[in-house]
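The residues making up each chain are set out below.
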Amino acid sequence: MTKEKYIKSKGIVKQALPNATFKIQLKDKRIVTGYIKGKMRLNYIKILPGDQVKLQISSYDLTKARIIYRY
């Protein structure tokens, strides 16, 4: 079994949803659902609407992403 490939992208948080998930708009105007990476959650890094973030998008499901960095 091979390791899953990720697509890296940047986006802007548009809406905060329950359970630390967010609606994020990418540069090409697509909307994805993103969740916080484990280390960011452990270190209590807050993400608010309007923040610019770096994402890892799954190559299998292009509507879900993991937030890996907040600018």
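Please refer to the structure placed before this passage.
Residues numbered from 1 in each chain as written. Predicted model: local features only at pLDDT ≥ 70, side-chain atom pairs only at ≥ 80, totals over all residues. Heavy atoms only, no water.

### Some details on the pairing of strand 4 (residues 52-58)
In regular strands, side chains alternate between the two faces of the sheet. Our working definition: Residue burial is assigned from relative accessible area. The probe radius is 1.4 Å, only protein chains are included, and a residue is buried under 20% of its type maximum, exposed over 50%, and partly exposed in between. Elements are defined by DSSP. Helices are runs of H or I of four residues or more, strands are runs of E of two residues or more, and each kind is numbered from the N terminus. Strand pairing is defined by DSSP finding a minimum of two bridges between the two strands.
Counting buried positions along strand 4 gives five out of seven residues, so the element sits mostly inside the fold. Sheet topology note: the strand 1 (residues 6-17)/strand 4 ladder contains seven bridges and is antiparallel. Across the sheet, residue Gly11 finds its bridge partner in strand 4, namely Val53. Where strand 4 and strand 5 (residues 64-70) come together, five bridges link them in antiparallel fashion. Looking at strand 5, one finds that Leu55 is bridged to Ile67. Linking strand 4 back to strand 5 in an antiparallel pair, the connection comprises five residues.

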